[in-house]
Each structure stands twice: as C-alpha cells, then as structure tokens.
There are 2 protein chains.
Amino acid sequence: MPSSRTASALAHPNIALIKYWGNRDDDLRLPANGSISMTLDALETRTTVSYDPALKADELLLNGETAPAGVLRRVQGHLDWIRSRAGLTSPARVDSRSNFPSGAGIASSASAFAALTVAACAAAGLDLTLEELSRLARRGSGSACRSIHGGFVEWHAGEDDATSFAELLAPSDHWELADVIALVSHQPKLVGSTEGHIRAASSPLQAGRLADTPRRLRLCRKAVLARDFAGLANVAELDSNMMHSVMITSAPPLAYWSPETLRLMHAVVDWRSEGLQVFYTVDAGPNVHCLCPAGDQAEVSARLMDLPGVHQVVTAPVGGAARLVPTVG
Amino acid sequence: MPSSRTASALAHPNIALIKYWGNRDDDLRLPANGSISMTLDALETRTTVSYDPALKADELLLNGETAPAGVLRRVQGHLDWIRSRAGLTSPARVDSRSNFPSGAGIASSASAFAALTVAACAAAGLDLTLEELSRLARRGSGSACRSIHGGFVEWHAGEDDATSFAELLAPSDHWELADVIALVSHQPKLVGSTEGHIRAASSPLQAGRLADTPRRLRLCRKAVLARDFAGLANVAELDSNMMHSVMITSAPPLAYWSPETLRLMHAVVDWRSEGLQVFYTVDAGPNVHCLCPAGDQAEVSARLMDLPGVHQVVTAPVGGAARLVPTVG
C-alpha cells in the first residue's frame with residue numbers, strides 16, 4: 001500500500017464566544033447564524049485514515065475501541081464525500097483518539113471531524129485550500145469548520161454549501177487568553193447537539209436570537225480585534241444566555257444547566273465585579289468555560305476547584321490550526 | 001370621625017401562570033402583554049385605611065412598623081388618585097399587615113395594593129365596579145389588578161388605562177389546585193420588579209416573547225377551562241422559562257434563579273415524568289411555586305422538604321377575591 005494512502009492529523013476543539021444553534025439546512029449543516037470561536041490548545045484529537053482496498057468495509061476505532069454503528073455511519077458519510085471528490089472507492093480504516101471526554105460540553109465532534117477531514121483528504125491525495133477543508137469539515141459536524149483554523153475564528157453562516165465556512169479572525173498569538181473549564185458532570189448529554197439544532201426552531205425565542213446575531217457578531221469581532229476583555233465578557237455571556245434561553249423554551253425543552261452550572265456562572269460574575277478578569281460561556285452541556293487572561297488562569301482554576309460540585313478543572317490556552325502529523329506505529 | 005372614613009380589606013397574592021413582564025407604559029403600568037393567574041388562599045394582606053383631617057401627612061405602617069420613605073411615597077401616589085376621584089383631601093393612616101415575607105418571589109405588592117385599593121375606596125365612600133377597582137389596583141402595582149378577583153383570572157393588556165384590567169376566568173371552586181411554594185432564600189431581591197419591568201425591553205428576546213403571548217394565553221385559558229393539567233403544566237413551565245430568558249438576557253442581566261431554584265425545577269419535571277401531577281413556575285425571585293391537584297399537596301410538600309436548600313414550604317389552595325372585612329381595634 002503506497003504511503004500516500006495513509007495520513008494522520010491533529011485538531012483542537014474550540015469554544016464558541018458567539019454560538020451556533022440551529023440550522024437553516026440540517027443535512028448540509030448550514031447554520032441559522034454565524035459564530036465566533038477560540039481554538040483550544042492542550043485538548044486534541046489525533047486521527048489516522050488509511051484507505052485499504054483489502055478491507056471489506058470502513059472500520060472506525062474511537063480511543064482504541066470499535067465505534068458504535070451510528071457513529072460509524074456518520075463517519076462513513078463524511079468519507080464518502082471525500083472519496084467521491086478524490087475518485088476513490090477503497091474502504092478506510094480510521095483510528096481516532098481524543099485526550100478529553102466526549103459528549104460533556106467540550107466539543108469533541110469539532111476536533112474529531114476537523115482531524116478526520118484533514119487526514120482523510122491528505123490520505124486521498126486531495127490538496128485543498130483551508131476554505132475547502134472548512135466547508136468539508138462543516139458537513140461532518142458544523143462547528144468542526146472552525147477547528148480547521150487556530151486562534152480566533154469566524155464562521156460565516158453563508159447561504160449554501162459554497163459560502164458557509166470559517167475564516168481566521170486573529171491568529172493564536174493575537175491575545176493570550178485561556179479557557180479554564182470546570183467539569184461539573186461526566187454524564188453523557190441526554191440530547192445530543194444534532195437533535196438540539198433541529199429543535200432550536202421550535203423555540204418562540206429563536207427568531208429574536210437570530211435577528212440580533214449580526215449585532216453580537218459585530219460586538220464580539222470588535223472586542224477580539226481590540227483585545228477588549230470587558231467588551232468580550234459582556235457579549236459572550238449574553239450570547240451564551242441567549243442560546244440557553246432558546247434551549248429551555250424549545251418543545252420539548254432542553255435543560256443543559258445543572259445547579260452547579262448556575263452556581264459557577266454566578267460566582268464568575270461576582271469575581272468579575274470584584275476586579276478579576278474572567279467571564280463564563282456554556283455549551284450544550286453542564287460544564288462552565290471560564291475565559292481569562294492567561295496570566296490569571298491559576299487564580300481562576302484555584303477558585304473553581306474550591307466550589308462544590310466541581311470534579312475537575314482543565315485549562316487550555318489559545319490553540320493552533322488543524323494540521324498533518326507523522327503517522328505513529 | 002364618621003365610621004365611613006375608615007375601612008379594612010383583605011386580599012390574597014396570586015401566582016401568574018402566564019406572566020406579566022415589561023410595560024408599554026411604566027407610569028400607568030400598562031403591561032406589554034396579557035397574563036393569567038391563580039389567586040392564592042392562606043396568604044393574605046389585611047389593610048385598614050382611615051382618612052383623618054387631624055393628620056399632618058399620610059402615615060403608613062407595614063406589619064406594625066413605619067414604612068420606608070420610598071414605599072410611603074408609592075402608597076401616597078396611589079391614595080392621591082383615589083382621593084382626587086372622591087373629592088377628598090384628608091391625609092390617611094394606613095395599617096397593612098401580610099402573613100408572608102415580602103420581596104422574595106411571592107407577590108406581596110399584588111395583595112398589598114389590591115387590599116389598599118379596596119379599603120381606600122370604601123373608606124372614601126367610592127362604590128366602584130370590580131373593573132374600576134382592578135384598573136385602580138393596576139396603577140399601584142400591575143399584578144394587583146389580578147388580586148381583585150379570586151379563582152383563575154385574566155388580565156387583558158389593553159391599550160390604555162380604560163382597557164387594561166383583570167377579569168374572572170373561572171371561580172375558585174372551578175378546579176381544586178394548590179400552590180406548594182418552596183422557599184429557598186429569604187434574601188430580599190437585588191432588583192425589584194418595578195426596575196425589572198423597565199429593563200425587559202433591553203432583552204433581544206422580549207419582542208419574540210411578546211409576539212408569542214397570544215398563543216400562550218390561548219393555551220392557558222383552554223387548559224384552565226378544561227381542567228387539563230398536562231396542558232397547563234406545559235404552557236406554564238414554558239411561560240416561566242420565557243420570562244426568565246428575557247431576564248437573563250437583559251442589559252444588565254437579571255439572574256433570579258439560584259442553584260437551588262434550578263435543582264427544584266429539574267426535580268419537578270422528573271416527578272411529573274414519573275406520573276406525579278405537578279409543574280413549576282418561578283416569579284421574580286428564587287422561590288419555586290409547584291402547582292398540583294389539592295389532593296397531592298402533602299406528597300409534593302414532603303418531597304420538596306427532602307431536597308437540599310429548601311428552608312420552608314408554604315401551601316396555598318385557590319383563594320377568593322379581595323373583600324372588605326370588619327376593622328379590628
């Protein structure tokens with residue numbers, strides 16, 4: 001088997017500052033609104049893709065174990081787009097490993113589909129632009145399109161497959177922030193993001209959230225580019241609250257916050273009012289992402305560990321782009 | 001002093017099933033949306049008003065103590081409307097007592113201004129219709145207009161002072177429900193309802209909430225009239241979540257839920273999914289109102305008392321209208 005049929009890639013998850021919730025097209029994962037994120041170092045998914053004509057069917061290992069059928073089907077669909085573009089028909093062996101828990105409010109599907117896209121395209125001999133990789137990653141898992149880039153990233157909602165992709169807003173060395181993630185529960189989510197996105201439209205508040213998104217994107221973009229911490233804190237907390245407002249008013253409602261989530265959110269707001277630079281944002285899970293200047297991460301981490309219900313704190317500085325890495329073993 | 005210059009009235013608070021949040025006119029307390037409530041027995045405010053030309057100025061006792069200047073001014077303004085309507089100029093002595101804590105998510109201002117309105121009008125010799133009393137009570141404290149009636153009550157938003165008042169939807173014996181109130185905090189609210197109503201318009205979600213209100217009012221009215229518990233549970237929990245969504249996305253945000261509030265909300269939803277008829281609704285405070293058939297109130301109360309953070313449980317069946325009572329002492 002020629003070496004060009006195997007490739008490995010690494011990608012990081014990202015934390016959304018202006019969040020993606022709801023699709024205008026569920027199949028193509030065209031989002032209902034644009035979003036802005038920060039890519040996270042330290043947390044990563046490493047994926048090796050090998051196209052092998054000797055295989056009977058695609059095989060997927062997740063952290064060393066055979067993946068559930070539903071996950072395999074989703075990855076197969078993703079590989080099919082890439083194979084059809086490359087004119088390949090071989091089944092593939094995919095080995096994907098993440099160094100953080102999946103399904104608990106840290107976007108494991110973002111780093112997973114970004115790494116899969118980069119590895120699968122390289123192994124297939126496709127030499128794509130970042131824009132093309134981002135569009136492909138989006139079709140696998142919406143927010144994966146942001147993890148193609150490092151630093152601060154904006155995903156343009158777009159109007160169709162060609163216009164919906166992420167671009168670099170500012171590189172990883174633009175602003176030394178850290179995401180101090182308080183893990184308050186290791187329980188898997190009751191309702192995954194794919195189903196949640198579909199449910200967004202059932203909330204009477206989603207239309208108002210979408211109508212206001214250009215304003216929040218503008219405020220966030222401006223705060224990131226000017227390194228305006230207070231401005232970013234205000235718009236990111238508002239945006240997180242707006243997404244959870246849509247969630248708790250969907251039919252049926254989605255309640256991702258636990259009592260501990262709320263306790264941490266209140267604590268973060270109190271700390272900021274006392275002068276510590278920190279703000280919260282919460283994804284589709286109970287964990288609380290606390291963003292602060294990198295110099296304050298030890299202080300924020302220590303305070304979080306002192307609160308009841310916090311099992312673990314994981315700290316991530318601003319991370320780099322998805323990239324090819326040597327295949328090991 | 002002729003006896004006609006003194007009168008006493010009793011009124012109950014009410015719990016909103018479709019909530020009032022935001023005004024189209026703050027001075028006249030014309031609400032941004034219509035609302036539906038259940039009047040609560042057991043909890044009550046008793047108020048005696050005596051017009052006395054010998055007084056130098058209005059006097060107000062709240063639970064036996066001289067009221068703060070801000071509260072006195074608000075009551076004076078209310079008495080002035082009534083005096084000008086009755087052609088009176090006498091200062092008044094007002095003695096108001098409630099049997100439940102104020103400012104903690106049980107609407108003490110509703111029962112207080114309903115009782116004040118009924119007593120002050122009677123003492124002034126005004127013989128008003130329920131519609132006129134409701135309109136007057138509304139100008140004192142919006143939701144007080146609902147406490148003029150017992151049972152199940154709808155406040156028509158209206159377009160001006162003449163058209164904004166509450167009417168009986170169904171009498172107190174229509175449906176034997178109870179409100180089992182879990183008190184999780186005795187701390188006074190950081191931001192009172194009057195300021196909160198002003199802030200509602202700053203939320204990007206308030207317009208969507210208002211646009212959807214006719215639908216929720218229709219669902220609630222239908223569920224109350226048909227004694228459809230499941231239907232009432234769904235629309236009341238949605239409506240409560242929608243109001244708190246507006247609160248947490250206002251500028252600056254209003255965070256009335258405590259971690260205990262959220263724990264209780266989740267517990268109530270779990271209990272209902274297990275077959276117990278109960279739903280939650282939360283006003284502008286951390287306490288959780290758990291509504292259930294009167295026959296289940298002991299079970300709901302016992303379960304609430306078993307949860308951490310619950311200081312006290314107060315149970316109220318469906319209550320009657322505001323009414324004149326004999327003056328004591």
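Placed above this text is the structure.
Residues numbered from 1 in each chain as written. Chains lettered and ligands numbered in written order. Predicted model: local features only at pLDDT ≥ 70, side-chain atom pairs only at ≥ 80, totals over all residues. Heavy atoms only, no water.

J.: Quick question: what am I supposed to make of the overall build of chain A here?
T.: Regarding its fold elements, chain A presents 8 helices and 16 strands. Its C-alpha radius of gyration of 19 Å places chain A within 12% of the 20 Å reference for a compact globule of 329 residues. Dimensions along the principal axes, computed over C-alpha positions, put chain A at roughly 60 × 40 × 35 Å. Looking at the 329 residues of chain A, the share that counts as buried comes to 59%. Look at the contacts in chain A between residues 6 or more apart in sequence, and 76% of them connect residues 24 or more apart. Accessible area for chain A stands at about 12,700 Å²; split by element, carbon and sulfur atoms hold 52% of it. Charged side chains in chain A number 29 positive and 34 negative. The centres of these two groups are separated by 3 Å. (Helix = DSSP H or I, 4+ residues; strand = E, 2+ residues; numbered from the N terminus. Rg over C-alpha atoms; globule rule 2.2 N^0.38 Å. Buried < 20%, exposed > 50% of the residue type's maximum accessible area, 1.4 Å probe, protein only. Contact = heavy atoms within 4.5 Å. Areas by Shrake-Rupley, 256 points an atom, 1.4 Å probe, with all protein chains shown as cover. Lys, Arg positive; Asp, Glu negative; His and termini not counted. Charge placed at Lys NZ, Arg CZ, Asp CG, Glu CD.)

J.: What am I meant to see in the relation of the copies chain B and chain A here?
T.: Take chain B, turn it by 180°, move it 0.0 Å along the axis, and it overlays chain A with an RMSD of 0.0 Å. With respect to symmetry, the two chain copies, as superposed, fit the operation of a two-fold axis. Among all C-alpha atoms of chain B, that of Pro-259 of chain B lies closest to the rotation axis, at 2.1 Å. Most of the interface of chain B is mirrored in chain A: 100% of its interface residues are interface residues there too. (Least-squares fit on C-alpha atoms with pLDDT ≥ 70 in both.)

J.: Help me out: how do you make sense of the pairing of strand 1 (residues 6-11) of chain B in this one?
T.: Residues and elements named next belong to chain B. Most of strand 1 is tucked away, with 5 of its 6 residues classed as buried. Across 6 bridges, the pairing between strand 1 and strand 6 (residues 45-51) is antiparallel. In the sheet register, Ala-11 faces strand 6, and the bridge partner there is Thr-45. Strand direction decides the pairing type here: strand 1 and strand 16 (residues 323-325), joined by 3 bridges, are antiparallel. By the bridge assignment, Ala-9 is partnered in strand 16 with Leu-324. (Pairing = 2+ DSSP bridges.)

J.: I'm lost on the nonpolar core in this one. Help?
T.: Generally speaking, soluble globular proteins have nonpolar side chains that are buried together. Ranked by size, the top nonpolar core spans 46 residues in total, and within it Leu-304 of chain A together with Leu-304 of chain B carry the most contacts. Looking at this core, the elements that each hand over two or more residues are strand 12 (177-183), helix 7 (259-273), strand 14 (288-293) and helix 8 (297-305) of chain A together with strand 12 (177-183), helix 7 (259-273), strand 14 (288-293) and helix 8 (297-305) of chain B. With residues near it in sequence (within four places) discarded, Leu-304 of chain A still touches Val-180, Ala-182, Leu-264, Trp-271, Cys-290, Val-310 and Val-313 of chain A. (Core = buried A, V, L, I, M, F, W, Y, C linked by side-chain atoms within 4.5 Å.)

J.: I tried to follow the interface of chain B and chain A on my own but got confused; where do I start?
T.: Buried accessible area, meaning the area lost when the parts come together, often serves as the stated size of an interface. Each partner contributes to the interface: chain B provides 20 residues, whereas chain A provides 20 residues. Along the contact surface separating chain B from chain A lie 2 salt bridges. For Glu-260 of chain A, the salt bridge is made with Arg-263 of chain B, and the minimal N-O distance between the two is 3.7 Å. The interface formed by chain B and chain A contains 5 residue pairs in polar contact (both at pLDDT 80 or more). Elements with a contribution of two residues or more to the side of chain B that touches chain A: helix 5 (206-225), helix 6 (229-248) and helix 7 of chain B. Class assignment for the residues of the side of chain B that touches chain A results in 9 nonpolar, 6 polar and 5 charged. (Salt bridge = Lys/Arg side-chain N within 4 Å of Asp/Glu carboxyl O. Polar contact = N/O pair within 3.5 Å; in protein donor to acceptor, adjacent residues only side chain to side chain. Nonpolar A, V, L, I, M, F, W, Y, C, P; charged D, E, K, R; others polar.)

J.: Teacher, can you tell me more about the sheet that holds strand 7 (residues 59-62) of chain B here?
T.: All names here are of chain B. Taken in spatial order, the 6 strands make up an open sheet running 8-7-9-6-1-16, and their pairing is mixed. Bordering the open sheet on either side are strand 8 (65-66) and strand 16, each of which pairs with just one other strand. The pairing of strand 6 with strand 9 (residues 92-98) spans 7 bridges and is classified as antiparallel. Residue pairing for strand 9: Thr-48 is matched across the bridge by Asp-95. This element, helix 1 (residues 69-86), spans strand 6, strand 7 and strand 9 of the sheet and lies at about 125° to strand 7. The strands that helix 2 (residues 108-123) touches are strand 1, strand 6, strand 9 and strand 16; relative to strand 6, the one it contacts most, it runs at about 35°. (Axes fitted to C-alpha atoms, helices over the stretch in contact; angles between N-to-C directions.)

J.: Just checking my understanding: could you explain the sheet that holds strand 11 (residues 165-170) of chain A for this structure?
T.: Sheet strands associate in pairs through backbone hydrogen bonding, adopting either a parallel or an antiparallel arrangement. Residues and elements named next belong to chain A. The antiparallel open sheet is built from 4 strands, whose spatial order is 2-5-10-11. In the strand order of this sheet, the two ends are held by strand 2 (14-18) and strand 11, each with one partner. Each strand of the sheet is rotated relative to its neighbour by a mean of 35°, with strand direction disregarded. Lying over the sheet, helix 5 (residues 206-225) contacts strand 2, strand 5 (35-39), strand 10 (152-156) and strand 11, oriented at roughly 115° with respect to strand 2.

J.: How do you make sense of the environment of Ala-207 of chain A when you look at a structure like this?
T.: With respect to the helices and strands, the residue Ala-207 of chain A is situated in helix 5. Separated by 39 residues in the primary sequence, Ala-207 of chain A and Val-246 of chain A have C-alpha atoms spaced 9.4 Å apart.

J.: Can you help me understand the pattern of salt bridges in this one?
T.: Side chains that differ in sign of charge can pair as their charged atoms come close. All told, the structure shown has 38 salt bridges over all chains when counted by the stated rule. Between Arg-303 of chain A and Glu-299 of chain A there is a salt bridge, and its shortest N-O distance comes to 2.7 Å. In this pair, Arg-303 of chain A and Glu-299 of chain A are both assigned in helix 8, 4 residues apart and thus about one turn of the helix distant. For Asp-212 of chain B, the salt bridge identified is with Arg-216 of chain B, shortest N-O distance 2.9 Å. With a gap of 4 residues between them, Asp-212 of chain B and Arg-216 of chain B both fall in helix 5, about one helical turn apart. You'll find Asp-212 of chain B and Arg-216 of chain B in the same group, each marked buried. Each member of the salt-bridge network shares a partner with another, and the members are Arg-135, Arg-138, Arg-139 and Asp-161 of chain A.

J.: How do you make sense of the side chain of Asn-33 of chain B when you look at a structure like this?
T.: Residue and element names in this part refer to chain B. Mapped onto the fold, Asn-33 is located in the loop between strand 4 (30-31) and strand 5 (35-39). Accessibility expressed as a relative area gives 3% for Asn-33, which makes it buried. At 3.3 Å, the side chain of Asn-33 forms a polar contact with the side chain of Arg-209. Not counting the four nearest positions on each side in its chain, Asn-33 is found in contact with Lys-19, Tyr-20, Trp-21, Ala-157, Arg-209, Leu-210 and Thr-213.

Worth remembering: the numbers are spatial, not functional.
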